[in-house]
Amino acid sequence: MTGTAFTPRVFSGIQPSGGLTLGNYLGALKRFVDMQDAGTHECVYCLVDLHAITVWQNPDDLRKQTREAAAAFMAAGVDPARSVLFNQSQAPAHAQLAWAFNCVARMGWMGRMTQWKDKAGKNSEQASLGLFAYPALMAADILAYHATHVPVGEDQKQHLELTRDIAAKFNHDFGVDFFPITEPVIDGPATRVMSLRDGTKKMSKSDPSDMSRINFSDDADKIAQKFRKARTDPEPLPATYAELKDRPEARNLIDIYAALAAKSTDAVMAEVGGQGWGQFKPHLAEVAVEVLSPMTGEMNRFMDDPAEIDRILGEGSAKAREISEPILAKTYEIMGMIAS
Ligand code: AMP
Ligand code: TRP
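Rules of the game
Residues numbered from 1 in each chain as written. Chains lettered and ligands numbered in written order. Predicted model: local features only at pLDDT ≥ 70, side-chain atom pairs only at ≥ 80, totals over all residues. Heavy atoms only, no water. Helix = DSSP H or I, 4+ residues; strand = E, 2+ residues; numbered from the N terminus. Rg over C-alpha atoms; globule rule 2.2 N^0.38 Å. Buried < 20%, exposed > 50% of the residue type's maximum accessible area, 1.4 Å probe, protein only. Contact = heavy atoms within 4.5 Å. Near = heavy atom within 4 Å. Areas by Shrake-Rupley, 256 points an atom, 1.4 Å probe, with all protein chains shown as cover. 1 Å grid on protein atoms, 1.4 Å probe; cavity = no way out; pocket = protein on both sides within 12 Å on 5 of 7 lines; lining within 4 Å. Sits in = over half its atoms within 2 Å of the grid points. Axes fitted to C-alpha atoms, helices over the stretch in contact; angles between N-to-C directions. Parallel < 35°, antiparallel > 145°, perpendicular 65-115°, else oblique. Left-handed = near helix turned anticlockwise from the far one by under 90°. Points joined across faces, edges and corners; volume = space filled by probe spheres on them. Phe/Tyr/Trp six-rings, centres within 6.5 Å; stacked < 30°, edge-to-face > 60°. Lys NZ or Arg CZ within 6 Å of the ring centre and 35° of its normal. Polar contact = N/O pair within 3.5 Å; in protein donor to acceptor, adjacent residues only side chain to side chain. Core = buried A, V, L, I, M, F, W, Y, C linked by side-chain atoms within 4.5 Å. Domains from an automatic or database assignment. Buried area = accessible area lost by both parts, 1.4 Å probe. Salt bridge = Lys/Arg side-chain N within 4 Å of Asp/Glu carboxyl O. Nonpolar A, V, L, I, M, F, W, Y, C, P; charged D, E, K, R; others polar.

A few points about the overall build of the protein
Phase 1: The helix and strand inventory of the protein stands at 13 helices and five strands.
Phase 2: A compact globule built from 340 residues should have a C-alpha radius of gyration of about 20 Å, and the protein, at 21 Å, falls within 12% of that.
Phase 3: Considering only C-alpha atoms, the protein reaches an extent of 70 × 45 × 45 Å along its principal axes.
Phase 4: Counting every position in the protein, which comprises 340 residues, the buried fraction comes to 50%.
Phase 5: Within the protein, contacts between residues separated by at least 24 positions form 75% of all contacts whose residues are at least 6 apart in sequence.

Comments concerning the site of ligand 1
Phase 1: Of all residues adjacent to ligand 1, which total 17 residues, the nearest are Gly 153, Asp 155, Val 193, Met 203 and Lys 205.
Phase 2: Burial of ligand 1 by the protein amounts to 93% of the accessible area it has alone, namely 480 Å².
Phase 3: Here ligand 1 is seated within the largest pocket.
Phase 4: Counting residues per element, the ones that place at least two in the shell around ligand 1 are strand 1 (9-14) and helix 1 (22-38).
Phase 5: Tallying contributions element by element places helix 1 first for the shell around ligand 1, with four residues.

Describing the packing of helix 1 against helix 10 (residues 248-261)
Phase 1: Running from N to C, helix 1 and helix 10 point in directions that differ by 50 degrees, and their axes come no closer than 11 Å. One finds that helix 1 runs oblique with respect to helix 10. When you trace helix 1 past helix 10, the crossing you get is left-handed. Counted together, Leu 22, Leu 26 and Lys 30 of helix 1 and Ile 256, Ala 259 and Leu 260 of helix 10 form the full contact between these two elements.

Regarding empty space enclosed by the protein
Phase 1: One pass over the full model with this rule turns up one cavity of 30 Å³ or more.
Phase 2: Within this model, the largest cavity holds a volume of roughly 50 Å³.
Phase 3: Around the largest cavity, the lining residues are Met 113, Gln 115, Trp 116, Lys 119, Leu 131, Tyr 134, Pro 135 and His 159.
Phase 4: When residues of the lining of the largest cavity are traced back to their parent elements, those giving at least two are helix 6 (114-120) and helix 7 (129-143).

A short note on the packing of aromatic side chains
Phase 1: Enumeration according to the criterion identifies 12 aromatic pairs in this entry.
Phase 2: Ring geometry for Tyr 25 and Phe 216: centres 6.0 Å apart, planes at 65 degrees, overall edge-to-face. Taken together, the residues span a long stretch of sequence, with Tyr 25 in helix 1 and Phe 216 in the loop between strand 5 (183-185) and helix 9 (220-229) at a distance of 191 residues. For the pair Tyr 25 and Phe 216, a shared accessibility class is recorded, and that class is buried.
Phase 3: Aromatic pair Phe 101 and Phe 179: ring centres 5.5 Å apart, planes at 75 degrees, arrangement edge-to-face. Of this pair, Phe 101 sits in helix 4 (residues 93-102) while Phe 179 sits in the loop between helix 8 (157-174) and strand 5; the two residues are 78 residues apart in sequence, bridging distant segments of the chain.
Phase 4: Classification of Phe 101 as buried rests on a relative accessible area of 0%.
Phase 5: Each residue in the set Phe 101, Phe 170, Phe 174, Phe 178 and Phe 179 is aromatic and connected to the rest through ring pairs, giving one cluster.
Phase 6: A cation over a ring is seen here: Arg 301 above Phe 302, with NZ or CZ 5.2 Å from the ring centre.

Some details on the environment of Asn 58
Phase 1: Looking at the element boundaries, Asn 58 is found in the loop between helix 2 (49-52) and helix 3 (59-76).
Phase 2: Given the relative accessible area of 33%, Asn 58 is considered partly exposed.
Phase 3: Linking Asn 58 and Tyr 145, residues 87 residues apart in sequence, is a C-alpha distance of 30 Å.

Details of the side chain of Thr 66
Phase 1: Examined against the element boundaries, Thr 66 turns out to sit in helix 3.
Phase 2: Reaching out from Thr 66, the side chain makes a polar contact with the backbone oxygen of Leu 62 at a distance of 2.7 Å.
Phase 3: Thr 66 has contacts with Pro 16, Leu 47 and Asn 87, leaving out every residue within four places of it along the chain.

Here we look at the nonpolar core
Phase 1: With 61 residues, the main nonpolar core has Leu 22, Phe 73, Phe 227 and Ile 256 as its most contacted residues.
Phase 2: Ranked by residue count, the leading element in this core is helix 12 (residues 277-303), at 11 residues.
Phase 3: The contact partners of Leu 22, leaving out residues within four places of it in the chain, are Met 203, Ile 214, Phe 227, Ile 256, Leu 260 and Leu 292.
Phase 4: With 44 residues, the next largest nonpolar core counts Phe 11, Val 84, Ala 140 and Val 152 among its residues.

Let's talk about the domain arrangement of the protein
Phase 1: By domain assignment, the protein separates into domain 1 (9-191 + 305-335) and domain 2 (210-300).
Phase 2: Relative to domain 2, the C-alpha centre of domain 1 lies at a distance of 29 Å.
Phase 3: For the pair domain 1 and domain 2, the two sides together bury roughly 1,200 Å², of which 80% comes from carbon and sulfur.
Phase 4: On the surface where domain 1 and domain 2 come into contact, there are zero salt bridges.
Phase 5: On inspection of domain 1 and its partner domain 2, the count reaches two residue pairs in polar contact (both at pLDDT 80 or more).
Phase 6: The set of elements that each furnish at least two residues to the side of domain 1 that touches domain 2 consists of helix 1 and helix 3.
Phase 7: Looking at the side of domain 1 that touches domain 2 residue by residue, the class counts come to 11 nonpolar, one polar and two charged.

Pasting the structure below:
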């Protein structure tokens, strides 16, 4: 390694495989906006439709969810004039680089991915080949931009380690210092927002129970109802965060509150320690509505003009192609696929 200096660049993605949740917002989207606003990195944000199709997607739903996700990104503060915002399938370098990485990554590496094991379950013979290769496509997303930093939730940590392994193996196999060893950015109090029904499972858009999650599309009443019914233990809130160690449901609600109110968990405990759930839950719902409802309104406004969303995604994908195509071409050349 010669220690090539790479331009500071952020890449991250969200699957348009359903409506976005509070977990996506706190674990990913909010932090995408923070990194954009910090102005220290070029930011590239992607709706990963090629990842979404690793499990069955109804085509009309996928189209609608892709536009909705774009609207949610913009409503949350992703500014297409300052960040690149596009959908993955419109920048062909992702799929093309993924093929090269399919030939770099090893079957054993993929087989160890916990997301693969969870999603394929016992029925792995029936899972798509794409679901197995999913992490190589994710590495291609990131490395087609020579991204140096990737903000994600905790559940993506293993995939980012694999991305680093692919970059390192490529650099080593071909004797180059071409791909950066990307840094995961997993920080803040809400890197793993849990289900409101089960404090041991993450909040997910694919959970069969709608009561387990807060959706971007939920109105104030729905949000209040979901927090009111959120599973908790009978104890009141303790004075310190450390005392929540073995109370996953209680800790989750405190983490959510801290992230929404942008306060440290210690400051939150100083404020709410001693409260019972009847007092804390309505307060939490209020803060959630304050943060989410302006975004929901803004998102619906964007959705009134789908042609404008398509135009913005079109412009974003042109910028994405400008960055990713030369990197893909160079990769193919390094591998000996003509040129040079
Ligand atoms: P996905 O919805 O699986 O495409 O996830 C998109 C992004 O949201 C990734 O960075 C995930 O890590 C993040 N994310 C999804 N669910 C959660 C959650 N429950 N808590 C925190 N981050 C999450
Ligand atoms: N696999 C990620 C998820 O489901 C989504 C994703 C795809 C991604 N490509 C990415 C995240 C590149 C960060 C960088 O959460």
